[in-house]
Amino acid sequence: MPTILSVSSHYLNYLNLQLLVPIPYPLSPNQMLTFKPKAQDLVNIDSGNLNDIVVDVQHLNHYFGKGNLKKQVLFDINLQIGKGEIVLMTGPSGSGKTTLLTLSGGLRSPQEGSMKVLGVEMVGASKRKVIEVRRNIGYIFQAHNLLKSLTAQQNVQMAGQLHPQMSSKEIKERATQMLDAVGLSERKSYYPDNLSGGQKQRVAIARALMSHPKLVLADEPTAALDSKSGREIVEIMQKLAKEQGTTILMVTHDNRILDVADRIVHLEDGCLAQNDVLTVSDS
Ligand SMILES: Nc1ncnc2c1ncn2[C@@H]1O[C@H](COP(=O)(O)OP(=O)(O)OP(=O)(O)O)[C@@H](O)[C@H]1O
Ligand SMILES: [Mg+2]
């Protein structure tokens, strides 16, 4: 009889974000690894609409609260991010970075202006459309949200379940490849508790990139790491992104990694203060 897991609500959120179908809960480890949404429950992004602009934000305003408590946190944001571009977002605490990132990822509904992600207008988008977009996005957050009861390999495989077109064999192979790519060949069968912070973050990167998402959103992925591990993590992301043509939007406070960017945008009090084009290094 399989052990019934107590799945952290955070992790369920991670899956729920991208599925139309409710997840049977609680799930045993075996059930989790074999659970798949049906193909008809998921719809594909029409890549014919994409052109080369992956994120296209025009005159975006965002507010929190209602009535007297309504407070504007983003002011007339304009930002275009191209295919394969690595854009870093900096700015003081409270300037609106996470808000802009979560809006870009369809994790929060944009209210005013226009925000096209992967060719889909997110202002006023249906739930189904939003889910469709999310399925093409890899999320890497500071808290890695790995499932403790699954090995590194199994955690990465979980992401494959959102893609019914991938066979179990293909999912396994891709997960193995991704773990090799992030330098964890020797740690595939380790549980998160037996991995260091940097290793866990690598598993999270492997999970986010295993289905070759068109867009990766990362919110301070190196914050919990020492500078050497942090540097390694972003270099891995940079390499994989360039190989796969993935667009990356990454929030960071870490000045030591700014050189991996093609471009840095800076938020200050909810306004996009800078939009610099950097020379891409050859390294
Ligand atoms: N759910 C919410 N309800 C109300 N206000 C919010 C909410 N989330 C964020 N805010 C406010 O919006 C502003 C921007 O917050 P946000 O989290 O985007 O900042 P940030 O730039 O990511 O900051 P940090 O660097 O500290 O993570 C802040 O003033 C914050 O207090
Ligand atoms: Mg933040």
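Residues numbered from 1 in each chain as written. Chains lettered and ligands numbered in written order. Predicted model: local features only at pLDDT ≥ 70, side-chain atom pairs only at ≥ 80, totals over all residues.

Q: Give me the lowdown on the pairing of strand β2 (residues 71-82), citing residues and values where you can.
A: Alignment of strand β1 (residues 53-64) against β2, held across eight bridges, turns out to be antiparallel. Bridge pairing in β2 links Val 57 to Leu 79. Taking the residues between adjacent antiparallel strands as the criterion, β1 and β2 are bridged by six residues, where Gly 65 takes a positive phi near 80°. (Pairing = 2+ DSSP bridges. Helix = DSSP H or I, 4+ residues; strand = E, 2+ residues; numbered from the N terminus.)

Q: Any chance you could break down helix α6 (residues 168-181) for me, citing the residues and the numbers?
A: The terminal C-alpha atoms of α6, which comprises 14 residues, lie 20 Å apart, in line with the 20 Å expected from a rise of 1.5 Å per residue. Within α6, the full set of buried residues consists of Ile 171, Arg 174, Ala 175, Met 178 and Leu 179. Take α6 and look down its axis: the buried residues cluster within an arc of 135°, on one side only. Within α6, the exposed residues directed more than 90 degrees away from the buried face are Lys 169, Glu 170 and Gln 177. Its buried side turned inward, α6 meets α5 (152-160) and α7 (197-209). Within two residues after α6, Gly 183 carries a phi angle of roughly 80°, on the positive side. (Expected span 1.5 Å × (residues − 1). Buried ≥ 20, exposed ≤ 12 C-beta atoms within 10 Å, placed from the backbone. Arc of directions from axis to C-beta. Contact = placed C-beta atoms within 7 Å.)

Q: Quick one: what's the story with the site of ligand 1, residue by residue and with numbers?
A: Around ligand 1, the structure places Phe 64, Gly 65, Val 73, Gly 91, Ser 93, Gly 94, Ser 95, Gly 96, Lys 97, Thr 98 and Thr 99. Per-element accounting of the shell around ligand 1 gives the leading share, three residues, to helix α3 (residues 97-104). In the shell around ligand 1, the residues fall into two nonpolar, eight polar and one charged. (Near = placed C-beta within 6 Å. Nonpolar A, V, L, I, M, F, W, Y, C, P; charged D, E, K, R; others polar.)

Q: Tell me about the packing of α7 against helix α8 (residues 227-244), residues and numbers included.
A: Close contact between α7 and α8 brings their axes to 10 Å; oriented N to C, the two are set at 15°. Our classification of the angle between α7 and α8 gives roughly parallel. In this structure, α7 crosses over α8, and the sense of that crossing is right-handed. Contact residues: α7 offers Gly 198, Gln 201, Arg 202, Ile 205 and Leu 209, while α8 offers Ser 229, Ile 233, Ile 236, Met 237 and Leu 240. The residue makeup of the contact of α7 with α8, split by class, is six nonpolar, three polar and one charged. (Axes fitted to C-alpha atoms, helices over the stretch in contact; angles between N-to-C directions. Parallel < 35°, antiparallel > 145°, perpendicular 65-115°, else oblique. Left-handed = near helix turned anticlockwise from the far one by under 90°.)

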